[in-house]
Amino acid sequence: MNSEKFSNRPSGAPPNWILALFLVFSFMGFADSTYLTVKHYSGTPLECSIFHGCEKVTTSPYANLAGIPLALLGMIYYAAIIVLIVAHLDSRRKSIFVFAARATVIGFLASAWFVYLQLYVIRAVCPYCMLSAVVSTLLFVLGRIALRSRTSSKRGLTPAG
Amino acid sequence: MKRNAKQKKKDNTTSPRTRLRFAQRAVLWSAVLIILGLTVLIIADRAARRAPGKRPVSLPTRIELSPADWVKGNSEAKVSLLEYSDFECPGCGSYYPILKRLFDEFGDRVKFLYRHFPLPQHAQADLAARAAEAAGRQGRFWEMHDRIFENRATWSKQADAEETFIGYAGELGLDPQRFRTDLNTADVRNAVEEDRKSGKRAGVQGTPTFFLNGWPIETPRGYDEFREILQQAVRSAS
């Protein structure tokens, strides 16, 4: 890690590379779940092909939560992360970033559950859903890294001060 | 932006600095909105455009109808609609009510045919196809076809739906013992396999795939589009 840069910042502020990756991943997640949402509402996946099993997943009863398609919830989730990161960049308030980094646990746990459903309950894998799971896991890991370096830099400061 | 953070002041007067800050914020958030909005629009446009443009088969070849095909409607009609279908495919399941309505409307002018195309990812699809064939051996192919589609949600979740299908056979008044044996005869298996092979030869890549008068058509989106196509076919045939 570029610790030099890090020490130049106000204590606890996440490094730029973390913020950049946060934006990139949540944008990927947003685009991915947008595609799934569009497919859900346009009703066009009315076809099964020799090549993939996506329809089986997206048309399964597990694709909705209280009548709302999971893909739409995914869009909202990723958009919220993007908005929070931009809000942090705009205001430079650490608390906003910390909130976003902590919120990634929601996406991570939800994804873990959906991967379980695909592998063991529906027994079909939807590549677009898997991409979303990968992205939300990466966001969670990034969030953990950022939060840890924040606490460790805090700990580093206390004995010195 | 970094500069702005340092310039944070408590004064509420509209100094040039705060106005600049406001303008920057407006630009930043509009950019975020525009990027997200454009993403949605582009993806929605792409997804909508790809579906109807997709060719149902790799190479359009004419399909010859066979006397072994399951037929309903007007068997003398000049217009024929052949479906390659997989009972477990959700897409085929959603076309089932559409085809039923089309049959009600065009049954006297169009010949409706059905061929099996069970896909490997659907564990019960081959068995379901054989169940329909076995019912056909007792003259009840279409009744079983309807029952299988109508109960797709039930049997497709089962690890082995054989007993369920035998139950349907009983409900339809078939001889359950004969049905049970027929399910696993080479004759019935071959009938399904022959359909699947003929589909493969014709370049069928997924289900449902429709052939109008033997020629593959792009899968119509919904009842209205389908109705239009059949109406046109009937008009030009007469």
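Calculation notes
- Residues numbered from 1 in each chain as written.
- Chains lettered and ligands numbered in written order.
- Predicted model: local features only at pLDDT ≥ 70, side-chain atom pairs only at ≥ 80, totals over all residues.
- Heavy atoms only, no water.
- Helix = DSSP H or I, 4+ residues; strand = E, 2+ residues; numbered from the N terminus.
- Buried < 20%, exposed > 50% of the residue type's maximum accessible area, 1.4 Å probe, protein only.
- Contact = heavy atoms within 4.5 Å.
- Areas by Shrake-Rupley, 256 points an atom, 1.4 Å probe, with all protein chains shown as cover.
- Salt bridge = Lys/Arg side-chain N within 4 Å of Asp/Glu carboxyl O.
- Core = buried A, V, L, I, M, F, W, Y, C linked by side-chain atoms within 4.5 Å.
- pLDDT = per-residue confidence, 0-100.
- Pairing = 2+ DSSP bridges.
- Axes fitted to C-alpha atoms, helices over the stretch in contact; angles between N-to-C directions.
- Patch = residues over 30% accessible without salt bridge, like charges linked within 9 Å, V, L, I, M, F, W, Y side chains within 5 Å.
- Lys, Arg positive; Asp, Glu negative; His and termini not counted.
- Charge placed at Lys NZ, Arg CZ, Asp CG, Glu CD.

J.: Could you give an account of the overall build of chain B, with specific residues and numbers?
T.: Of the regular secondary structure elements, chain B holds 10 helices and six strands. Put simply, chain B has 238 residues, and 44% of those count as buried. Expressed as a percentage of contacts within chain B between residues at least 6 apart in sequence, the contacts between residues at least 24 apart total 81%. Carbon and sulfur atoms provide 54% of the accessible area of chain B, an area that totals close to 12800 Å².

J.: Describe the side chain of H88 of chain A, with residues and values.
T.: One can find H88 of chain A in helix α4 (residues 70-91). With sequence-adjacent residues up to four places away left out, H88 of chain A is seen in contact with P14, L19, R93, K94, I96 and F97 of chain A.

J.: Can you tell me about the pattern of salt bridges, naming the residues and giving the values?
T.: Inspection of every chain in the model, using the stated rule, returns 14 salt bridges over all chains. One salt bridge in this structure joins D90 of chain A and R25 of chain B, with 2.6 Å as the shortest N-O distance. With D90 of chain A in helix α4 and R25 of chain B in helix α2 (residues 16-53), this residue pair bridges two chains. Residue classification places D90 of chain A among the buried residues on the basis of a relative accessible area of 7%. Overall, the relative accessible area of 36% leaves R25 of chain B in the partly exposed class. In this structure, the salt-bridge partner of K100 of chain B is D146 of chain B, at a minimum N-O distance of 3.1 Å. Of this pair, K100 of chain B sits in helix α3 (residues 90-106) while D146 of chain B sits in helix α5 (residues 141-150); the two residues are 46 residues apart in sequence, bridging distant segments of the chain. For D146 of chain B, a relative accessible area of 15% corresponds to the buried category. A single salt-bridge network, built from bridges that share partners, covers D90 of chain A together with R21 and R25 of chain B.

J.: Tell me what's going on with the nonpolar core, and back it up with residues and numbers.
T.: One finds F87, M144, I148, W155, F165, F179 and L183 of chain B to be the most contacted residues of the largest nonpolar core, which totals 27 residues. Elements with a minimum of two residues in this core: α3, α4 (125-137), α5, α7 (162-171) and α8 (176-183) of chain B. Setting aside residues up to four positions removed in sequence, L183 of chain B forms contacts with L127, R130, A131, A134, E162, I166 and V188 of chain B. Residues F30 and A146 of chain A together with V32 and L36 of chain B belong to the second largest nonpolar core, which totals 25 residues.

J.: So what's going on with the confidence of the model for chain B? Which residues, and what values?
T.: All names here are of chain B. For chain B, per-residue confidence averages 87 on the pLDDT scale, and 89% of positions sit at 70 or higher. Scored below 50 in pLDDT, residues 5-9 makes three contacts in the model with residues more than four places away or belonging to other chains. Reported confidence for the predicted complex is 0.72 by ipTM and 0.59 by pTM.

J.: I'd love a proper account of the sheet that holds strand β2 (residues 79-85) of chain B, names of residues and values included.
T.: Residue and element names in this part refer to chain B. Strand order in the open sheet formed by five strands is β1-β3-β2-β5-β6, and the pairing between neighbours is mixed. Of all the strands in the sheet, just β1 (70-73) and β6 (215-217) have a single pairing partner and so form its edges. This sheet shows a mean twist of 30° between the axes of neighbouring strands, independent of strand direction. Summarising the sheet, strand β5 (residues 209-212) and β6 pair through three bridges and their orientation is antiparallel. Residue F211 lies in a different strand from β6, and its bridge partner there is P216.

J.: Explain a negative patch on the surface residue by residue, including any values.
T.: Residues and elements named next belong to chain B. Side chains of E218, D224, E225 and E228 sit close together on the surface and give a patch of like negative charge. Among the secondary structure elements, E218 is positioned in the loop between β6 and α10 (222-237). Of the residues examined, E218 reaches a relative accessible area of 41% and is grouped as partly exposed.

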